[in-house]
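Residues per chain, in single letters:
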Amino acid sequence: MRINKYLSEAGVCSRREADRLVQAGSVKIDGRRAEVGETVLPGQKVTVKGRLVEKEEARILLAFYKPRGVVCTTDRRWKDRTIEDVLKYPIRLFPVGRLDKESEGLLLMTNDGNLQNQIARARYRHEKEYFVTVNRPVSEEFLEKMARGVYLPELERTTRPCLTRKRGEFEFSIVLTQGMNRQIRRMCHVFQYEVKRLVRVRIMNILLGDMREGEYREVTEEELSDLMQRLGKTKEISSEYRKGETRWNSRSKG
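Residues numbered from 1 in each chain as written. Predicted model: local features only at pLDDT ≥ 70, side-chain atom pairs only at ≥ 80, totals over all residues. Heavy atoms only, no water.

A. Representation of the packing of aromatic side chains within the structure. By the definition in use, this model includes four aromatic pairs. Look at Tyr 89 and Tyr 216: their rings are 5.6 Å apart centre to centre, the planes differ by 80 degrees, and that puts the pair in the edge-to-face class. With Tyr 89 in the loop between α3 (83-87) and β8 (94-96) and Tyr 216 in strand β17 (residues 216-218), this pair connects stretches of sequence that are 127 residues apart. When the ring of Phe 142 is compared with that of Phe 172, the centres are 5.5 Å apart and the planes differ by 85 degrees; the resulting orientation is edge-to-face. Taken as a pair, Phe 142 in helix α5 (residues 140-148) and Phe 172 in strand β14 (residues 171-176) lie far apart in primary sequence, 30 residues in all. Residue class for Phe 142 comes out buried when judged on its relative accessible area of 3%. (Phe/Tyr/Trp six-rings, centres within 6.5 Å; stacked < 30°, edge-to-face > 60°. Helix = DSSP H or I, 4+ residues; strand = E, 2+ residues; numbered from the N terminus. Buried < 20%, exposed > 50% of the residue type's maximum accessible area, 1.4 Å probe, protein only.)

B. Just the pairing of strand β9 (residues 104-110), in detail. With seven of seven residues buried, β9 is to be regarded as a mostly interior element. As judged from the six bridges shared by strand β5 (residues 61-66) and β9, these two strands associate in the antiparallel manner. Counted as the bridge partner of Lys 66 is Gly 105 from β9. Bridging between β8 and β9 involves three bridges; their strand directions are antiparallel. Each residue of the ladder has a partner; that of Pro 95, found in β9, is Met 109. (Pairing = 2+ DSSP bridges.)

C. Looking closely at the pairing of strand β15 (residues 195-203). Counted residue by residue, β15 has seven buried out of nine residues, so it is predominantly covered. Bridging between β9 and β15 involves two bridges; their strand directions are parallel. Its bridge partner lying in β15, Gly 105 is registered against Arg 200. Here strand β10 (residues 128-134) pairs with β15 via seven bridges, running antiparallel. Pairing of Glu 129 across the sheet is with Arg 202, part of β15. Here β15 runs beside strand β16 (residues 206-207); their pairing, made up of two bridges, is antiparallel.

D. Geometry of the pattern of salt bridges. This model, assessed by the stated rule, comprises 16 salt bridges. Arg 186 serves as the salt-bridge partner of Glu 154, at 2.9 Å between the closest nitrogen and oxygen. Of the two residues, Glu 154 is situated in the loop between β11 (151-152) and β12 (157-158) and Arg 186 in helix α6 (residues 183-190); the sequence distance between them amounts to 32 residues. In this structure Glu 154 comes out as partly exposed when scored by relative accessible area, which is 43%. Judged by its relative accessible area of 19%, Arg 186 is buried. For Arg 217, the salt bridge goes to Glu 223, with nearest N and O atoms at 2.9 Å. A residue is classified by how much of its surface remains accessible, and Arg 217, at 23% relative accessible area, is partly exposed. One continuous salt-bridge network, built from bridges that share partners, spans Asp 100, Arg 182 and Arg 185. (Salt bridge = Lys/Arg side-chain N within 4 Å of Asp/Glu carboxyl O.)

E. How the structure looks around unusual backbone geometry. Unlike most non-glycine residues, Arg 182 shows phi in positive territory, near 50 degrees. Mapped onto the secondary structure, Arg 182 falls in the loop between β14 and α6. Exposure remark for Arg 182: the relative accessible area of 37% places this residue in the partly exposed category.

F. Region of interest: the environment of Thr 133. Assignment of secondary structure puts Thr 133 in strand β10. In sequence terms Thr 133 and Arg 197 are 64 residues apart; their C-alpha atoms lie 5.0 Å from each other.

G. Geometry of helix α2 (residues 15-23). Residues of α2 that are buried: Ala 18, Leu 21 and Val 22. Down the axis of α2, the buried set is contained in an arc of 100 degrees. They therefore lie on one face. Facing away from the buried side of α2 by over 90 degrees, the exposed positions are Arg 16 and Gln 23. In this fold, the buried residues of α2 make contact with α1 (3-9), β1 (27-29), β2 (32-33) and β3 (46-48). Of the residues trailing α2, Gly 25 is marked for its positive phi of about 80 degrees. (Arc of directions from axis to C-beta. Contact = heavy atoms within 4.5 Å.)

See below:
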């Protein structure tokens, strides 16, 4: 971004006045006198007459369709295809929770660690809904047992009661409020069912909708407002989250 536009958007002055300040030697980039028309790069520090101009990074929340075969990690030792390989977003974002490599569907991506923690932690009991396709016909008895909670011997834990519903001969939906490692696959295995396809279609109030694999979108204002209310956040925080802020910092640079 050109220096005059940077200062204008930061609320320091107009672009014309910014050019005059640059010509007068009052503007510095990383401690070096700026030139008219110079570009400000991400991470560089801009000062005007010794005062720091700070442009806060906007907080981002995306709904992303993670494809099957993609891992939710930045560890490249195993040469897996990662979210970063698919998403290609200009700002580094982190997944809210995880989906295992063989699962697909909705994944929220953000640069806000507090939001990530509040949504992902199991103790908050936020709903996540999945469509599951298995290798043999789905019975009502199977769904009832899944809904009551299932003891997983390899984890030595029993899953929380959940909601289940038949969707087709080989397909059902399940709504969880926790996220044990490969939980749905392990639950099905207890009853001799093998998961053939697993798609997450909802996290709290945010839906996968008609997105295709590898696509992403920004959450809508309505979705974000609803989400913040569910998390106990105010509308003011919700608005700040969408837009981010630019501020003119009055403290002097040393």
